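Single-letter residue listing:
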Amino acid sequence: MNELSGLGAIWLVGCGNMAGAMLRRWLEAGLPPEPVTVIRPSGVAPAPGVRTLTAMPQGETPPRVLMLGVKPQKLGDVADAVANVVGPDTLLISILAGTELATLKQRFSKARAVVRAMPNTPVAMGRGVVALHGDAGARRGDVETLMRPLGLVEWIADEAQFGLATALAGSGPAFLFRFIDAMASAGAALGLPAQQALRLAVATVDGAAGLAAGSDETPATLADRVASSGGMTRKGLDVLDEGRALETLLVHTLEAAERRGREMAAETR
Ligand SMILES: NC(=O)C1=CN([C@@H]2O[C@H](COP(=O)(O)OP(=O)(O)OC[C@H]3O[C@@H](n4cnc5c(N)ncnc54)[C@H](O)[C@@H]3O)[C@@H](O)[C@H]2O)C=CC1
Ligand SMILES: O=C(O)[C@@H]1CCC=N1
């Protein structure tokens, strides 16, 4: 039996881009659709066989797993209905950026365990990242069973670092998409046909990421291997490295995202 099929009833409250990507991957990885209930305003099933409702079911056994997948700004809209359906056997997982564990525990005090999960969109391919924080207790194994098919799973022990992990890995795909665009635009600005530059940029980032992921060498060593002595690449690296230009830009980028996470934590407290 697939490990995912033993998890019991799973309810997803909100199923847009992110929760939808997680669900697609779970189904692909062997989660049967029958135990899944999706609660979403459209009532449109995100996948065949998944029970899809426009409002929280009433009078049913509390789910074993309930995942909150709405925007943080919508937490207040769904919180009372969710609090009414969680039970002492429910593992509550929140993918809301910013919203703190203490806020979730206070709102959903009946839940057996409360965990924050921060996925990113490549989970749709099983090549994402899921950062986790919380007191899963005896349900830790269930959390890991659920998240493992999505990609790299990392527990973040200190919640103070969860916002940074969110900025790096949760928001990270967006920053990399910008990087791909910037590489392509630079190539086009200097004379390559735009579509060809984009194809080259996407394939280069894909291949380089695969090489970094599959290698025991550090990215710095891999970069040195590309940069032949006295060759072209070193001159390009010198531009990125001058005054730590790229690193400084990324520090500012992560800081800005993390700062917004802290604001959202306060807004949902
Ligand atoms: N998009 C991303 O890459 C990531 C998003 N997140 C988190 O995931 C959550 C959702 O983000 P997205 O999927 O991007 O947004 P989204 O807007 O695509 O999804 C939110 C869904 O919630 C539904 N919804 C709104 N009100 C509802 C209600 N009262 N009851 C049930 N469902 C309701 C909407 O119809 C929508 O489908 C956010 O809290 C965000 O912080 C976390 C990690 C990455
Ligand atoms: O932008 C956001 O708030 C969420 C968190 C990580 C990715 N999307």
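Keep in mind that what you see is a predicted model, and the values were worked out from it rather than measured.

Draft legend 1. Structural view of the overall build of the chain. When helices and strands are counted, the chain shows 10 helices and eight strands. Sorting the 269 residues of the chain into buried and exposed places 39% on the buried side. Relative to all contacts within the chain whose residues are 6 or more apart in sequence, the contacts with residues 24 or more apart total 57%. When the accessible surface of the chain is totalled, it reaches about 14,500 Å², and 57% of it is carbon and sulfur.

Draft legend 2. A look at the packing of helix α5 (residues 162-170) against helix α10 (residues 245-268). The N-to-C vectors of α5 and α10 enclose an angle of 125°; their axes lie 8 Å apart at closest approach. Relative to α10, the element α5 lies oblique. In this structure, α5 meets α10 at a crossing whose hand is right-handed. In this structure, α5 uses Gly163, Leu164, Ala167 and Leu168 to contact α10, whose residues at the interface are Leu254, Ala257 and Glu258. Across the contact of α5 with α10, the residue classes tally to five nonpolar, one polar and one charged.

Draft legend 3. Inspection of the site of ligand 1 at higher detail. Close to ligand 1 lie 19 residues, the nearest being Asn17, Met18, Val70, Pro72 and Ala97. Separating an oxygen atom of ligand 1 from a backbone N or O atom of valine 70 is a distance of 2.7 Å. Backbone polar atom of alanine 97 to an oxygen atom of ligand 1: 3.0 Å apart, as the coordinates give it. Its free accessible area being 820 Å², ligand 1 has 76% of it covered by the protein chains. Listing elements by their share of the shell around ligand 1, those giving two or more residues are α1 (17-28) and β6 (113-119). Grouping the amino acids of the shell around ligand 1 by side-chain chemistry returns 12 nonpolar, five polar and two charged.

Draft legend 4. Representation of the site of ligand 2 within the structure. Taken together, the residues surrounding ligand 2 are Ala97, Thr166, Gly170 and Ser171. Protein chains shield 50% of the accessible area of ligand 2, which is 250 Å² for the free molecule.

Draft legend 5. A look at the UniProt feature "domain: Pyrroline-5-carboxylate reductase dimerisation" (unreviewed entry) in the chain. When the UniProt feature table is mapped onto this chain, "domain: Pyrroline-5-carboxylate reductase dimerisation" (unreviewed entry) is found at residues 159-264. In this annotation, residues 159-264 is assigned 81% helix and 0% strand; the end-to-end C-alpha distance for the span is 14 Å.

Draft legend 6. Structural view of the environment of proline 48. As for its placement among the helices and strands, proline 48 is situated in the loop between β2 (36-39) and β3 (51-53). Its relative accessible area of 73% is what places proline 48 among the exposed residues.

Draft legend 7. The arrangement of the side chain of asparagine 120 in detail. Inspection of the secondary structure assignment puts asparagine 120 in the loop between β6 and β7 (128-135). A polar contact of 3.0 Å, which involves the side chain of asparagine 120, links it to the backbone nitrogen of valine 129. Not counting residues within four places of it along the chain, the set of residues in contact with asparagine 120 comprises Met18, Gly128, Val129, Ala169, Gly170 and Pro173.

Draft legend 8. Spatial organisation of the UniProt feature "domain: Pyrroline-5-carboxylate reductase catalytic N-terminal" (unreviewed entry) in the chain. What UniProt calls "domain: Pyrroline-5-carboxylate reductase catalytic N-terminal" (unreviewed entry) maps, in this numbering, to residues 12-98. Between the end C-alpha atoms of residues 12-98 the distance is 19 Å, and the span holds 26% helix and 20% strand.

Draft legend 9. How the structure looks around the nonpolar core. In terms of nonpolar packing, the biggest core is built from 32 residues, with Leu12, Met22, Trp26, Met67, Ile93, Leu146 and Met147 touching the most fellow members. Looking at this core, the elements that each hand over two or more residues are β1 (10-13), α1, β2, β4 (65-68), β5 (91-94), β6, β7 and α4 (140-147). Broken down by element, this core gets its largest block of residues, six residues, from α1. In this view, methionine 147 contacts Met22, Trp26, Ile93, Ala117, Val130, Leu132 and Val153; residues no more than four positions away in its chain are not counted. Of all hydrophobic cores here, the second largest spans 21 residues; its members include Ile39, Leu66, Leu68 and Leu92.

Draft legend 10. Structural detail: the packing of aromatic side chains. If you walk through the whole model with that rule in mind, you get zero aromatic pairs. Over the face of the ring belonging to tryptophan 155 we find arginine 140, whose NZ or CZ atom lies 4.2 Å from the ring centre.

Draft legend 11. Fine view of the pairing of β2. Going residue by residue along β2, you find Val36 and Val38 tucked away on one face and Thr37 and Ile39 tucked away on the opposite face as well. Pairing of β1 with β2 involves four bridges; the strand directions are parallel. In the sheet register, valine 13 faces β2, and the bridge partner there is isoleucine 39. Assessed by its sense of winding, the connection that carries the chain from β1 through α1 to β2 is right-handed. As paired strands, β2 and β3 are joined by three bridges and run parallel to one another. Pairing of valine 38 across the sheet is with threonine 52, part of β3.

Each value, and the rule that gives it
- Residue indices begin from 1 for each chain and proceed along its sequence in written order.
- For naming, the first written chain is A and the first written ligand is 1, with later ones following in the order written.
- Thresholds applied to this predicted model are a pLDDT of at least 70 for local features of residues and 80 or more for the giving and counting of side-chain atom pairs; totals over whole chains, interfaces and linings are not thresholded and use all residues.
- Calculation of side-chain values draws on the structure's entire complement of heavy atoms; hydrogens and water are dropped beforehand.
- The helix count covers DSSP runs of H or I at least four residues long, the strand count covers runs of E at least two residues long, and both are numbered beginning at the N terminus.
- Summary of the burial criterion: residues with accessible area below 20% of their type's maximum are buried, those above 50% are exposed, and those between are partly exposed, where the area comes from a 1.4 Å probe applied to protein chains only.
- Residues are treated as being in contact if the distance between any of their heavy atoms lies within 4.5 Å.
- The accessible surface values rely on the Shrake-Rupley method and a 1.4 Å probe; as for residues, cover is taken only from the protein chains in view.
- Angular values range over 0 to 180 degrees, each being the angle between N-to-C directions of two axes fitted as lines to C-alpha atoms, with helices fitted over their stretch in contact.
- Each angle gets one of four labels, with under 35 degrees taken as roughly parallel, over 145 as roughly antiparallel, 65 to 115 as roughly perpendicular, and the rest as oblique.
- The handedness criterion is simple: a crossing whose near helix is rotated anticlockwise from the far helix by less than a right angle is left-handed, and one whose near helix is rotated clockwise is right-handed.
- Here the term charged refers only to Asp, Glu, Lys and Arg, the term nonpolar to Ala, Val, Leu, Ile, Met, Phe, Trp, Tyr, Cys and Pro, and the term polar to all other amino acids, Gly among them.
- We call a residue near a molecule or strand whenever a single non-hydrogen atom of that residue lies within 4 Å of it.
- Under the rule applied, a polar contact is a pair of N or O atoms within 3.5 Å (in protein, one hydrogen donor and one hydrogen acceptor; residues adjacent in sequence only if both atoms are side-chain atoms).
- UniProt positions are given in the numbering used here, feature names are shortened, and annotations may be inferred rather than shown by experiment.
- We call a set of buried Ala, Val, Leu, Ile, Met, Phe, Trp, Tyr and Cys residues a nonpolar core when their side-chain atoms join them within 4.5 Å.
- Two rings belonging to Phe, Tyr or Trp (six-membered ring only in the last case) form a pair when the distance between their centres is within 6.5 Å. Interplanar angles under 30 degrees mark stacking, angles over 60 mark edge-to-face geometry, and anything in between is tilted.
- Charges are assigned to positions over rings by a cutoff of 6 Å between ring centre and Lys NZ or Arg CZ, combined with an angular limit of 35 degrees from the ring normal.
- Two strands are counted as paired when DSSP detects at least two bridges linking them.
- Seen with its strands pointing away from the viewer, a crossover is right-handed if its path from the first strand over the helix to the second goes clockwise.

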